[in-house]
Amino acid sequence: MSGRLVLYDHPHSSNALKVRFLLCELGLDAERVHVPFAEPRPAGYRALQPSGRIPLLIDGDVKIGESNAILRHLARRERRDDLHPSDPPAAARVDWALDLWSQEVRPQLLPLEDAVLWDTGDPEAADGRLEDADPAAVERGVSEATAALQVWEAFLPGGDTTLGGERITIADCCVAPVLWRTARLPLDLASLPRTARLRDALAGHPAFLAAEPAG
Ligand SMILES: N[C@@H](CCC(=O)N[C@@H](CS)C(=O)NCC(=O)O)C(=O)O
């Protein structure tokens, strides 16, 4: 299956960066269409993407929203069983990681991200600075984020550098953008060694760097 790929994207969208990371890992080119964060979203985009959210992927006749669904689609399209295993035990591990991160951990990192990166800077650029942030919001955000990352640390297998061990899976593509961005937040990962090791491994991954992570 080889439709023309079009990715509706934003340089500071962590969810779009997940998809760009996987596209680079797969060696696939996609036309990138910029969608500004500012509301109202371009009329044409709302017609394509009911939620108005970023990203959205057009793959020939297939249109697909929701970043994790796009990751699964691309791995299946390219028959990359290593990235999204079909073997039930291995698939269970990847799906658990995808849902735990997206539904439990990531949402609890947002208040701190908002307080430090989004609320004080240009909303299109995540360029806020800690010194301009509301100290009370930062304090609340740090405790909520740390609690969430402690859950993640307990989930992570010991020893492995990535969620897939030596090779990445789509769960790594899902986690990498927001985990990478935590380096800009007042979070100390010294007591979360597996999380710190995962962050370093993914932040240095050639396909992640090729995906042009920004702010
Ligand atoms: N669950 C959606 C979330 C998408 C999402 O929240 N995208 C953000 C950018 S990372 C967005 O569209 N922000 C603008 C907005 O929320 O209006 C996914 O995984 O794709």
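As a starting point, this report considers the structure included with it.

Cut-offs used in this document
Residues numbered from 1 in each chain as written. Predicted model: local features only at pLDDT ≥ 70, side-chain atom pairs only at ≥ 80, totals over all residues. Heavy atoms only, no water. Buried < 20%, exposed > 50% of the residue type's maximum accessible area, 1.4 Å probe, protein only. Helix = DSSP H or I, 4+ residues; strand = E, 2+ residues; numbered from the N terminus. Arc of directions from axis to C-beta. Contact = heavy atoms within 4.5 Å. Near = heavy atom within 4 Å. Polar contact = N/O pair within 3.5 Å; in protein donor to acceptor, adjacent residues only side chain to side chain. Areas by Shrake-Rupley, 256 points an atom, 1.4 Å probe, with all protein chains shown as cover. Nonpolar A, V, L, I, M, F, W, Y, C, P; charged D, E, K, R; others polar. Axes fitted to C-alpha atoms, helices over the stretch in contact; angles between N-to-C directions. Parallel < 35°, antiparallel > 145°, perpendicular 65-115°, else oblique. Left-handed = near helix turned anticlockwise from the far one by under 90°. Pairing = 2+ DSSP bridges. Salt bridge = Lys/Arg side-chain N within 4 Å of Asp/Glu carboxyl O.

## Considerations on helix 7 (residues 193-203)
- Buried within helix 7 we find T195, A196, L198, R199 and L202. Mapping the buried residues of helix 7 onto a view down its axis gives an arc of 160°, with all of them on the same face.
- Buried residues along helix 7 sit against helix 5 (135-155), helix 6 (170-181) and helix 8 (206-210).

## Some thoughts on the site of the ligand
- Looking at the ligand, the residues that line it are S13, S14, N15, F37, E39, R41, R53, I54, P55, E66 and S67.
- In the environment of the ligand, an oxygen atom lies 3.4 Å from a nitrogen or oxygen atom belonging to the side chain of N15.
- Protein contact buries 74% of the 500 Å² of open area that the ligand shows by itself.
- In terms of residue class, the shell around the ligand is made up of 3 nonpolar, 4 polar and 4 charged.

## Here's the deal with the packing of helix 3 (residues 67-77) against helix 4 (residues 88-118)
- Where helix 3 contacts helix 4, the axes come no closer than 11 Å and their chain directions differ by 160°. The angle between the axes of helix 3 and helix 4 places the two elements in the roughly antiparallel class. Helix 3 and helix 4 meet at a crossing whose hand is right-handed. In this structure, helix 3 uses N68, L71 and R72 to contact helix 4, whose residues at the interface are D95, L98, D99 and S102.
- When the residues that make up the contact of helix 3 with helix 4 are grouped by side-chain class, the tally is 2 nonpolar, 2 polar and 3 charged.

## Looking at the sheet that holds strand 2 (residues 31-34)
- Pairing is mixed across the open sheet formed by 4 strands, whose spatial order is 2-1-3-4. In the strand order of this sheet, the two ends are held by strand 2 and strand 4 (62-65), each with one partner. Each adjacent strand pair in this sheet contributes to an overall mean axis angle of 20°, direction not counted.
- The pairing of strand 1 (residues 5-9) with strand 3 (residues 56-59) spans 4 bridges and is antiparallel. Within strand 3, the position partnered with V6 by the bridge is I58.
- Relative to the sheet, helix 1 (residues 14-26) contacts strand 1 and strand 2, its axis offset from that of strand 1 by approximately 150°.

## Regarding the pattern of salt bridges
- Tallied over the full model, the rule gives 17 salt bridges.
- Here the salt bridges do not stand alone but share partners, grouping D9, R20, R32 and E212 into one network.

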